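What follows is each chain in one-letter form.
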Amino acid sequence: MENLRQTDQVIRGWLKEIRKDVLGELHDPLSVAEKSSRKDLVTNVDKANEKKIIKYIRELDPEAKILGEEGQGDRVTDMQGHVWIIDPLDGTLNFVKQRDNFAVMIALYIDGTGVLGYIMDVMRDIIYGGGPQLGVFNQSGQLPKPANISLKDGLLGVSGPMLIHDKYHLQAIDEASSGVRIIGSAGIEFIQVLTGKQNGYISHLMPWDFAAGKILAETLDLSVTKVDGTPVDMLSLNDVLVSTRDTHKDILNMIR
């Protein structure tokens, strides 16, 4: 436990340094490139953040494997041993267009089990972090478990394209909820669920999009699965559902 607490403080320190770097670049011209499309971007800030986080991890945990969005880590083929999964800037399109609603995420898994997860809401200067042995904390203290509300009683975060194309009957699920919200950053969406502002979130996510949030959500007794209710694959693309347990049941009943 003492080692976990020390590591927790070290990682929070990393994130504070990364935030300083991002704020220093916020009003400068960005180097922006497309990855798969004009809506899937990478910037010099994404790459610099990933390089710095990898350097920090190598110094702390030199034998670990590192999976990062921008490919500067390792080729990770299994979850054995220490595996760090990082998203150096989640919501890059928001960062480029809004300079808001983006996050930095770091997760540590040991032999496939989530140990520590962190989501930093950069512009609001809040770090949500911890794990099953520590609990989940931000600067204001420990987060309580969100109320276990049903689909009809809360707001649902969704992927815009999935809603437009009515994947998994999302339009009917929208009608059954109190309403849907589209933010464009998995990290910020996870925060909404962790803090009880939304009772769920559905999106098409890579491991770095959900690895940290999964640890924090499950620590707070929330459900994290594929949209069909099966376990997520930590090393590939998934359609992910994170929600309260009652909302999870409601959505699975509508999908099935």
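Thresholds, definitions, all that
- Residues numbered from 1 in each chain as written.
- Predicted model: local features only at pLDDT ≥ 70, side-chain atom pairs only at ≥ 80, totals over all residues.
- Heavy atoms only, no water.
- Helix = DSSP H or I, 4+ residues; strand = E, 2+ residues; numbered from the N terminus.
- Rg over C-alpha atoms; globule rule 2.2 N^0.38 Å.
- Buried < 20%, exposed > 50% of the residue type's maximum accessible area, 1.4 Å probe, protein only.
- Pairing = 2+ DSSP bridges.
- Core = buried A, V, L, I, M, F, W, Y, C linked by side-chain atoms within 4.5 Å.
- Contact = heavy atoms within 4.5 Å.

Draft legend 1. Spotlight on the overall build of the chain. On a plain count of helices and strands, the chain comes out with eight helices and 14 strands. In terms of C-alpha radius of gyration, the chain reaches 17 Å, essentially the compact-globule figure of 18 Å for 256 residues. C-alpha atoms of the chain, sized along the principal axes, occupy 50 × 45 × 35 Å. The burial tally for the chain puts 53% of its 256 residues in the buried class.

Draft legend 2. Summary view of the pairing of strand β4 (residues 82-90). In terms of residue burial, β4 counts as a mostly covered element, since eight of its nine residues are buried. Where strand β3 (residues 65-68) lies against β4, four bridges are found, and the strand directions are parallel. Its bridge partner lying in β4, Leu67 is registered against Ile85.

Draft legend 3. Here's a closer look at the nonpolar core. In this structure, Ile85, Tyr109, Ile119, Leu194 and Met234 are the most contacted members of the largest nonpolar core, which totals 35 residues. Secondary structure elements with two or more residues in this core: β4, β5 (103-110), α6 (186-194), β12 (200-205), α7 (207-219) and β14 (238-243). With seven residues, α7 is the largest single contributor of residues to this core. Apart from residues lying up to four places away in sequence, Ile85 is in contact with Leu67, Met79, Met105, Ile106, Ala107, Tyr109, Pro207, Trp208, Ala211 and Met234.

Draft legend 4. Here's a closer look at the environment of Phe190. Mapped onto the elements, Phe190 comes out in helix α6. With 26 residues separating them in the primary sequence, Phe190 and Leu216 have C-alpha atoms 8.9 Å apart.

Draft legend 5. Molecular detail of the side chain of Ser150. Mapped onto the elements, Ser150 comes out in the loop between β9 (141-142) and β10 (155-158). By relative accessible area, which is 16% here, Ser150 ends up buried. Setting aside chain neighbours within four positions, we find Ser150 in contact with Asn199, Asp246, Thr247 and Asp250.

Draft legend 6. Representation of the environment of Phe210. By secondary structure assignment, the location of Phe210 is in helix α7. Here Phe210 falls in the buried class, since its relative accessible area comes to 0%. It is 15 Å that separates the C-alpha atoms of Phe210 and Ile66, two residues lying 144 residues apart in sequence. Excluding residues that lie within four positions of it along the chain, Phe210 makes contacts with Phe190, Leu205, Val232, Asp233, Met234, Ser236, Asn238 and Val240.

Keep in mind these values describe shape, not function.
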